[in-house]
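The chain contents come next:
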Amino acid sequence: LEKPNLDFAKGNSRKDGLNSCCKECDAIRQRKIKYGVTEEWYQATLRAQGGACAICKFIPGPKDKPLFVDHDHLKGLPRGLLCRYCNVALGYFKDNAGFIGNAIGYIESPTLGILYKRNIDKSIRDMVLAKQNYMCKICSISLLTIKACLDHCHETGMIRGCLCHGCNSGLGHFEDSTIRLGKAIFYLRKYEG
């Protein structure tokens, strides 16, 4: 069976400028190399998850990237299949259910009553940082030597606090959704032990 050129990634090793194996076969090979996952495991897990991301339930369409293999970074074992956003968000939160729980509390807490705007005065940012002892409001890492992100509620536009880049990005990838964050905790706890 011959496949169209669009099914192949670009590559420099051949005259036609395409890789020798199609994108789908390359993905299967990469999953086996990186995670020890067979195509049978991938397809069985995909069926068990109803074809959807284990956290947000996104079902990839024909033009979307397939779901990614999520794995426990300590044990190296695969856990399930996630969309790109949920997979990256777990990484930003360091696969830590406690940090994700803190993120839920953070989102549900009152804002500071200060309207966020681009290029906000440095004195406001410094005041917010000092008020939280220069610690990320979610993971408690020191913000004295790393980039601090001034976070705000996207519905109200009000500042919530300062976060480290990882926690701020994790919230963004989970779309500030306490439901999605809760599902991420459930997902992680399912594989603890």
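Cut-offs applied
- Residues numbered from 1 in each chain as written.
- Predicted model: local features only at pLDDT ≥ 70, side-chain atom pairs only at ≥ 80, totals over all residues.
- Heavy atoms only, no water.
- Core = buried A, V, L, I, M, F, W, Y, C linked by side-chain atoms within 4.5 Å.
- Buried < 20%, exposed > 50% of the residue type's maximum accessible area, 1.4 Å probe, protein only.
- Helix = DSSP H or I, 4+ residues; strand = E, 2+ residues; numbered from the N terminus.
- Contact = heavy atoms within 4.5 Å.
- Pairing = 2+ DSSP bridges.
- Expected span 1.5 Å × (residues − 1).
- Axes fitted to C-alpha atoms, helices over the stretch in contact; angles between N-to-C directions.
- Parallel < 35°, antiparallel > 145°, perpendicular 65-115°, else oblique.
- Left-handed = near helix turned anticlockwise from the far one by under 90°.

> Tell me about the nonpolar core, residues and numbers included.
Counting residues in hydrophobic clusters, the biggest one holds 44 residues, and the most contacted among them are Ile55, Leu90, Phe93, Ile138, Leu171, Phe174 and Leu181. Contributions of two or more residues to this core are made by β2 (78-82), α3 (84-92), α4 (97-108), α5 (122-131), β3 (148-152), β4 (159-164), α6 (165-173) and α7 (178-190). With 7 residues, the top contributor of residues to this core is α4. When sequence neighbours within four positions are dropped, the list of residues in contact with Leu90 reads Ile55, Asp70, Leu82, Asp95, Ile100, Phe174, Ala184, Tyr187 and Leu188.

> Residues and numbers for the pairing of β4, please.
Most of β4 sits inside the fold, with 6 of its 6 residues counted as buried. As judged from the 5 bridges shared by β3 and β4, these two strands associate in the antiparallel manner. Among the inter-strand pairings, Ala148 is bridged to a residue of β4, identified as Cys164. A loop of 6 residues connects β3 with β4, the two strands running antiparallel in sequence, and Gly157 in this loop sits at a positive phi of about 80°.

> Just give me the short version of α4, but keep the residues and values in it.
Taking 1.5 Å as the rise per residue, α4 with 12 residues should run 16 Å; its terminal C-alpha atoms sit 17 Å apart, in good agreement. Residues of α4 that are buried: Ala97, Phe99, Ile100, Ala103, Ile104, Tyr106 and Ile107. On its buried face, α4 sits against α3, β3, β4, α6 and α7.

> Residues and numbers for the environment of Thr45, please.
On the secondary structure map, Thr45 appears in helix α2 (residues 39-48). By relative accessible area, Thr45 is classed as buried at 12%. Sequence separation between Thr45 and Leu81 is 36 residues, and the spatial gap between their C-alpha atoms is 7.2 Å. Once residues lying within four places of it in the same chain are set aside, the contact partners of Thr45 are Gly80 and Leu81.

> Let's hear about the packing of α3 against α6: which residues, and what values?
Working note: a packed helix pair is described by the angle between its axes plus the distance between those axes. Closest axis-to-axis distance for the α3/α6 pair is 8 Å, and the angle between their directions is 155°. Put simply, α3 runs roughly antiparallel to α6. Of the two elements, α3 crosses α6, and the hand of that crossing is left-handed. In this structure, α3 uses Tyr85, Val88, Ala89 and Tyr92 to contact α6, whose residues at the interface are His165, Gly166, Cys167, Ser169, Gly170 and His173.

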